[in-house]
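# Observations on the three-dimensional arrangement
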Amino acid sequence: MKKGFLVVLVGMALLFACSLGYASKDEVVVCQGAEVNSLDPARHNSVTDENYAVQVFDSLYFFDANGIPQPRLALSHKVINDTTWEFKLRKGVKFHDGTVLTAKDVKFSIDRMIDPQVKALFGTFYSTIKEVTVVDDYTVRIITKSPDPILLNRLSLSGWILPADLVQKQGAETFFQKPIGTGPFKFVSWSRNDRMILEANQNYWGGAPKFKRLVIRPVPEIAARVAELQTGNADVISSVPPFLLGKLKEMPNVTVQPVLSGRTIFVYINTYGQDALKNKKVRQALNYAIDRKSIIDSILSGAGVPNAVAITKYHFGFDPTLKPYTYDPAKAKKLLAEAGYPNGFKVEFLSPSGRYVMDKEIAEAVAKMLNAIGVQTEFKVMEWGTLVQIYSGKKLKDLGFIGWGNTLSDADGTYGPYFGSAESPFSYYTTPALADKLNKARTTMDKKKRLAMYKQIQAEIFDEAPLIFLYQQVDNYVTSKELKGFQARGDEFLLFYKVSK
Amino acid sequence: MAGKNSTDNETRKAEQKIKFRMLIRRIPKIPAAIILLLFISSVSAQWIAPHDPTAQTLLDALKPPVWLKGGSASYILGTDALGRDVLSRIIYGSRVSVIVGFAGVLLSAFVGTLLGMIAGYSGGKIDSVIMRFTDMMLSMPYILIAMAIIAAIGPSLTNIIIALALCNWVGYTRIIRFESMKLSTAEFVDMAVISGSGRFRNLFVHILPNVLNTVLVLATLDVGKMIIFEAALSFLGLGVQPPTVTWGGLCADGRSNLSFGWWIATFPGIAIVMTCLAGNLIGDWLRDELDPRHQLRT
Amino acid sequence: MGLYIVRRLWHSVIVVFGVIVITFLIARVMGDPVALLLPPDASKEQRIAMTHELGLDKPLYVQLAVYVGQVVRGDFGKSFRYNQPVLRLVLEKFPATLYLTIVATIISIMISLPLGVISAVRRGTITDRIGMGLAVLGQSIPNFWAGIMLILLFAVKFRLFPPSGYAGWNAVILPAFTLALFFAAATARLTRSNVLDELDADYVRYARLKGVPERTVLLRHVIRNAFISILNMVALQFGLLLGGAVITEFIFSWPGIGRLSIDAIYGRDFPVVQATVIITASCFILINLFVDVVYMATDPRVKRG
C-alpha cells in the first residue's frame, strides 16, 4: 500500500516536471499569433498558413531573404519564348514516403492550383498559366497565356509540389489528414488551436535539420506568448508589439532580431468620392501633413522606416532614389489653398483595430495631423471583418488605413490590384494611361526594360499621391538565446532547416 | 395598520414619501460616495483631469505611478506606452462607464420588466410565448451573441448599449414575471378588475409600482455587470472604439503590458472594481431595506 | 409527473428550434465572409464564384429553410474557412471545453460552498463581511485581467504552471481558476442567501428549541435542504460556463469551442458560429430540463414556476 502510494507520488512528480514543458535541445517551439486554416495549400490565404507548408513541402523556386526567387526543386530554368518556360528538376529528391519526385508531380501540383474545381484561394496568382507539360521525367514546360515575367515569383508563392500518385489514390481529403511532401520536416500530427508537431526529415535533399522536432503553436494572447518565451517553453515568438521590445532586450536569455519588412502601411484615398480628393494638389497636401518620423519614433518605438511609394526593396522594380514626402505642414496648407480649399474640408477616416501593429494609435495620430492642416477628420475605428467588407466592396467614403504585404516580391503585386484596373476590388484610383503602363510592365519579359518602366510608374504614382504613404514596417522576432542560425525574414516566413540549439 | 395591501392610495403614497426620506438617510455611506464621485468625475472631466487623455508624449512613455522610482508628480498614476496620463484617461473614461452602466441597465430593465409584467399578468398563451423566448435568450452564450450583434451593426456607443441590453434583459423577466403573477391575484387588483378598469391600465397603475422595488434592486446590482461586460467586449476588440476612452478599453489595451507597466491596466481595473462594489453594496442594502421580512427583524 | 416531463420536453423542442432560427439570423447579419476568405488580391469573378459556392447568393428565407432542414438531420454544414464538416470540428474541440468547465465547476464549488455557508452562519459578523466582500470582488474583477495576472504570477514568476496551452495535467489549473472566478463569487452569494433562508425556517427554530446541537442542525438539515437549490444553481452555471469560456480559452490558448467560436466570429464563418451556439444552447437546455425534473421529483414544495 505504501509502495503503491510512493509510486503514484513519484509518477505525479515526473508528470509535473514533464509538463513544465521546457523545450528540450532536440525540440524547437514556435509560437505564432494565429492558427493555420487548413493543411491543404489550396485553402491557404495568408502567410500563417504558408509557414506550415514551407516546412513540409518544397516548391520549384522559393524567395530568398531578399525576395529573389532561388531554385529549390528546380535546378534551372530556360525561357524558350515569351510564353514558354522550361524547368530542369533536381534529381534524387524523395518524398517523405520514399517515392522519387518526378515531372508528373510538378504538373499535377501546378494543375491543381489552376483547377477551377479545386478553387485554390491563391489561384488568382496562377491565372497566367495556360498549361503545364511533361517533357521527360525531370523536365517540365510551363506555357503562359501572355508573357509573364514573374512566373518564378508565382511559383514561389504557394507552389508546393505534392506527390501526384498518392493524392490521386487517396483523394485530397484523406491525403491532407497526413500530408507528405519533400520538405525538411515531416508532418506528425495537428490538433487545431493546440499544436502542430513536425519531425526532421533525415533524408532532406538540402541536408537534414539539426534538431529532431518542430512544434508550431498558435498563442493569440500577446502576454501569454511573451510568457511562453520567458519561461523557456518557446524558442521563437512572432508579432511582438514594439512597446515590449525595450524590456525584452534587457532580458538575459532573449535575443531580439529586427528585420525590415516587405509590408508597407498607408492610407487609401478614395478618388472616386468627393471632389477635393480628386485634386492631385490636395492629395499631395495630405502627404506633406504627416510627420512620419515622429509616428515611427513615438508610437512604433522606432520599428519602422518612412516610405515613399508603398513598395520596398524586396519588390522588384523598387526605385530607392525616390525619397518619401517630407513633413511640411506649411507647404500642405499652401497646396490646399492653391487647390481651392483654404479652409480645408471634411473627411471620414476609417481604421482597423489590432490588424496591424499599433494601427489605431497611428491612425489616430495621422488624423490629428490632418486636422492640424485644416482637414476636419471624422475618425472611426472598426473591426477588421467589417472594414475589409467596406474596402473590397468599394464602399470607402474618403480615407482608410491599410497595410499591404509582400506576396509576389514584385512591384506588380502591389500596383496591380491597387491601380491596375477600375474593377479591381481594392482599387480606389486609376487612370487609363496608368493602367495601360502597368499592363505593359506586367507583360514585358526584359528585366532592364521592366525596371525602367517601373521607375517611371513610381515617379508618376509618387507625384499623383493616390495614397497617403506612411511607412515600411520593421518586424521584430524574439528568440531564446539558445537558438542559433535563425534568420528573421522580411516576408514573415519562418525557416528552420539551418537552425540549431 | 395601513400596509402594502391598503386600498387607500392617498395614504399609501404619503407613507411612501416618508419611508423614502428615511431610506436615503440610511444609505451606506462609502458606496454612495463612490457613485457620487463617479457622477462628478464624468460630468466635470474636462476640468478636473490634469492632462488631455489622448495627448501622446514620447519622452514620458511608461512612467510608473508617482510613489515608485521613476514616477513624476505630473503623472500621478503613471503613463502608458504612448505617454498618455493614466489618471486623466480614467477620469474621462468614467463618462462612458456611467453612460454604458446606466443606459444599459435602464434599457435591459425596461425591456425585461415589460415582458415580465405582461407574461406574469396575462398568463396563458402570451405567458408561454414570452417564457419560451426568454428561455431561448437565456440558453445562448451571451458573449457570442453580443459579439455577433456588434460585428453586424458596428461598435458605436449606442450599438453597444443595445447589444448589452439585448443580452441582459432576461435577468429581469423571470423574476418580474413571478412577482407579477403573485400580484395579479392580490386583492386590490381584483377590485380594480371588478370596477372595470382596462387590463393595460391595471398593468401600469397597479402592477408596475409594486414591482419597481425589485426592479430597482436588480438594476443597481446590474450596473457593475454592464461595465464589466463592456470591458469584455473591449478585450475582444468590439468595445467602444478610440478615440473615446472607456475603462474597459483601458484595461484591455494595457493587458499586454501587465508585466512591465502594470499600472496601465490595473488602475482602470480598480476603478471598475470600485464601481461594481459600490453598486453591489447599494443593491444589497436596498434589497434588505425593501424586504418585508427585514421590517420584522428591525 | 409524466405529464410535466412531456410538457417540459415539448417546451425544450420549441426553444431549441427558436435558437436555431435566431442564431441563423444573427449570424447572417454579421456581414460578408467572402471578403475575409479570399486574399485581398482576388478578382471580382473569384468573389462572385465563392459567394455562389457558399450558397450566400440565395434569398435569406431559402437559406434559412435549407439550414433548418440540414440541422434537423444532424448536418451543420461545412466551415467556410476550414472546409471541414462543422459538426465533426465542434465535437473534436468539445472535450477540451468540457474538461475545463468541469474543473472550473469543481473549483467553484470548493470555494463558494464553504464561503457561502460560513458567511450565512456568521451573518453580520466581520467574517460575513469579509466573505461577501471577497465574493463581490470576484464578480467585479474583469476576468481577462485576472487571467493574465495569474499567468504572470504563477507561470512566469513562480514557474508552477505552464503559461498557456493544453499539455500537461496542470495546464488546466490557471484557466480553470480564471473561469471559476466570477461563478465562484456568484455562487457564494447565492449559497449564503439560500442557507439564510433555511436558517430562518420554522423547522430550524423548532430543532434549536428542542436543544439539538447547532452543528447537527446545520449539517443534517440546513445544508441538505439548501443543497437542492444549490444544485440547481450549479447546473445553471455549468451551462453558462460552457458558453462563457470564450475569453479564458483565448487567453490561455485553450483548444476548445470557445476559441473556435471567436475565430469564427472574426472570420464571419457562419456555420461554425451557428453550430457552437446551437450545440452549447442545447446542452444548457438539456441540463436545465434534467435538473428541473430532478427538482420536481425530489422537492414536493415546488409548483409551476
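Cut-offs used in this document
- Residues numbered from 1 in each chain as written.
- Chains lettered and ligands numbered in written order.
- Predicted model: local features only at pLDDT ≥ 70, side-chain atom pairs only at ≥ 80, totals over all residues.
- Helix = DSSP H or I, 4+ residues; strand = E, 2+ residues; numbered from the N terminus.
- Buried ≥ 20, exposed ≤ 12 C-beta atoms within 10 Å, placed from the backbone.
- Contact = placed C-beta atoms within 7 Å.
- Pairing = 2+ DSSP bridges.
- Axes fitted to C-alpha atoms, helices over the stretch in contact; angles between N-to-C directions.
- Nonpolar A, V, L, I, M, F, W, Y, C, P; charged D, E, K, R; others polar.
- pLDDT = per-residue confidence, 0-100.
- Parallel < 35°, antiparallel > 145°, perpendicular 65-115°, else oblique.
- Left-handed = near helix turned anticlockwise from the far one by under 90°.
- Expected span 1.5 Å × (residues − 1).
- Right-handed = clockwise from strand over helix to strand, strands pointing away.

### Description of the overall build of chain B
Along chain B, the regular secondary structure elements total 13 helices and 0 strands. Counting from the amino terminus, chain B carries its helices and strands in the arrangement α-α-α-α-α-α-α-α-α-α-α-α-α. Per-residue burial over chain B gives 47% buried out of 298 residues. Across chain B, every contact between residues at least 6 apart in sequence was considered, and the portion connecting residues at least 24 apart equals 69%.

### Side note on the overall build of chain C
A tally of regular secondary structure across chain C gives 13 helices and 0 strands. Dimensions of chain C, computed from C-alpha atoms along their principal axes, come out at roughly 85 × 60 × 30 Å. Per-residue burial over chain C gives 47% buried out of 305 residues. When contacts within chain C are restricted to residue pairs at least 6 apart in sequence, long-range pairs at least 24 apart make up 72% of them.

### Here's the deal with the sheet that holds strand S7 (residues 139-144) of chain A
All names here are of chain A. Taken in spatial order, the 4 strands make up an open sheet running S4-S5-S7-S6, and their pairing is antiparallel. Of all strands in the sheet, those bounded by a partner on one side alone are strand S4 (74-81) and strand S6 (129-136). Strand-to-strand twist across the sheet, computed as the mean angle between neighbouring axes with direction ignored, equals 20 degrees. As defined by bridge partners, strand S5 (residues 84-89) adjoins S7 across 5 bridges and the pair is classed as antiparallel. Looking across to S7, one finds that Thr 84 is bridged to Ile 143. Where helix H3 (residues 103-114) meets the sheet, its contacts fall on S5, S6 and S7, and the angle it forms with S6 comes to roughly 170 degrees.

### With respect to the environment of Leu 9 of chain C
Following the sequence through the fold, Leu 9 of chain C ends up in helix H1 (residues 2-28). Residues Leu 9 of chain C and Leu 286 of chain C lie 277 residues apart in sequence; the distance between their C-alpha atoms is 9.1 Å.

### Examining the environment of Leu 229 of chain A
Residues and elements named next belong to chain A. Looking at the element boundaries, Leu 229 is found in helix H7 (residues 222-230). Overall, Leu 229 belongs to the buried group, with 24 C-beta atoms counted inside 10 Å. Residue contacts for Leu 229: discarding those within four places in its chain leaves Ala 234, Ile 237, Val 254, Val 478 and Ser 480.

### Examining the interface of chain C and chain A
If you look at the interface, chain C gives 42 residues, while chain A gives 41 residues. Elements represented by at least two residues in the side of chain C that touches chain A include exactly helix H2 (34-37), helix H3 (44-53), helix H7 (143-157), helix H11 (246-251) and helix H12 (257-266) of chain C. Among the elements that line the side of chain C that touches chain A, the one with the most residues is H7 of chain C, at 5 residues. Each residue belonging to the side of chain C that touches chain A can be placed in one class, and the counts come to 24 nonpolar, 9 polar and 9 charged.

### Comments concerning the confidence of the model for chain C
All names here are of chain C. A residue-level look at chain C finds 93% of positions with pLDDT of 70 or above and a mean pLDDT of 85. Taking the mean pLDDT of every element in chain C, the minimum, 70, falls on helix H10 (residues 214-244) and the maximum, 93, on H11. For this predicted complex, the interface confidence comes out at an ipTM of 0.88, alongside a pTM of 0.89.

### What about the interface of chain A and chain B?
Taken residue by residue, the interface counts 21 residues in chain A and 17 residues in chain B. Every element with two or more residues in the side of chain A that touches chain B is listed here: H7, helix H11 (292-298), helix H13 (359-372), strand S15 (376-382) and helix H14 (384-392) of chain A. In terms of residue count, H13 of chain A provides more of the side of chain A that touches chain B than any other element does, 4 residues in total. Residue composition of the side of chain A that touches chain B, grouped by class: 10 nonpolar, 5 polar and 6 charged.

### A look at the confidence of the model for chain B
Taken over all residues, the pLDDT of chain B has a mean of 83, while the share at 70 or more is 89%. Within chain B, helix H7 (residues 157-168) of chain B carries the highest mean pLDDT (91), whereas helix H13 (residues 292-297) of chain B carries the lowest (52).

### Examining unusual backbone geometry
With omega at 5 degrees, the peptide bond leading from Pro 242 of chain B into Pro 243 of chain B counts as cis. Topologically, Pro 243 of chain B is positioned in the loop between helix H10 (199-235) and helix H11 (247-254). A positive phi is found at Asn 193 of chain A, a non-glycine position, where the angle reads about 70 degrees. For Asn 193 of chain A, the location among the structural elements is in the loop between strand S8 (185-191) and strand S9 (195-200). The backbone phi angle of Ser 301 of chain A is positive, close to 50 degrees, even though this residue is not glycine. Take Ser 301 of chain A: it is sitting in the loop between H11 and strand S13 (304-306).

### A look at the packing of helix H12 (residues 262-290) of chain B against helix H6 (residues 126-140) of chain C
The interhelical angle for the contact between H12 of chain B and H6 of chain C, taken along N-to-C directions, is 125 degrees, at an axis separation of 9 Å. For the element pair H12 of chain B / H6 of chain C, the angle class is oblique. Note that H12 of chain B runs across H6 of chain C; the crossing there is right-handed. Of the residues in H6 of chain C, those touching H12 of chain B at Ile 272, Val 273, Cys 276, Leu 277 and Asn 280 of chain B are Val 136, Leu 137, Gln 139 and Ser 140 of chain C. Of the residues assigned to the contact of H12 of chain B with H6 of chain C, the class counts are 6 nonpolar, 3 polar and no charged.

### Regarding the pairing of strand S1 (residues 27-32) of chain A
Residues and elements named next belong to chain A. When you tally the buried positions in S1, you get 5 out of 6 residues, the bulk of the element. Relative to strand S11 (residues 236-237), S1 is paired through 2 bridges, and the arrangement is parallel. Residue pairing for S11: Val 30 is matched across the bridge by Val 236.

### Comments concerning H13 of chain A
Spacing of three or four residues puts side chains on the same side of an α-helix, whose turn is 3.6 residues. All names here are of chain A. The terminal C-alpha atoms of H13 lie 20 Å apart, and with 14 residues this matches the ideal 20 Å at 1.5 Å per residue to within 8%. In terms of burial, H13 is a largely internal element, 11 of the 14 residues being buried. Among all positions of H13, only Asp 359, Lys 360, Glu 361, Ile 362, Ala 363, Glu 364, Ala 365, Val 366, Ala 367, Met 369 and Leu 370 are buried. Directly beyond the C-terminal end of H13, a positive phi value near 105 degrees is found at Gly 374.

### What to know about the pairing of strand S14 (residues 346-352) of chain A
All names here are of chain A. Buried residues dominate S14, accounting for 5 of its 7 residues. Both S14 and S15 contribute to a ladder of 7 bridges, which runs parallel. Looking across to S15, one finds that Leu 350 is bridged to Lys 380. Taken together, S14, H13 and S15 constitute a β-α-β crossover, and its handedness is right-handed. Alignment of S14 against strand S16 (residues 399-404), held across 2 bridges, turns out to be parallel.

### What to know about H6 of chain C
The end-to-end C-alpha distance of H6 of chain C, which contains 15 residues, comes to 21 Å, matching closely the 21 Å that a straight helix rising 1.5 Å per residue would cover. Within H6 of chain C, burial applies to Gly 131, Met 132, Ala 135, Val 136, Gly 138, Gln 139 and Ser 140 of chain C.

### Some details on the environment of Asp 85 of chain B
Residue and element names in this part refer to chain B. Looking at the secondary structure, you find Asp 85 in the loop between helix H3 (45-48) and helix H4 (86-122). Between the C-alpha atom of Asp 85 and that of Thr 54, which follows or precedes it by 31 residues, the distance is 8.4 Å. Setting aside anything within four residues of it in sequence, one finds Asp 85 in contact with Pro 50, His 51, Tyr 75 and Thr 79.

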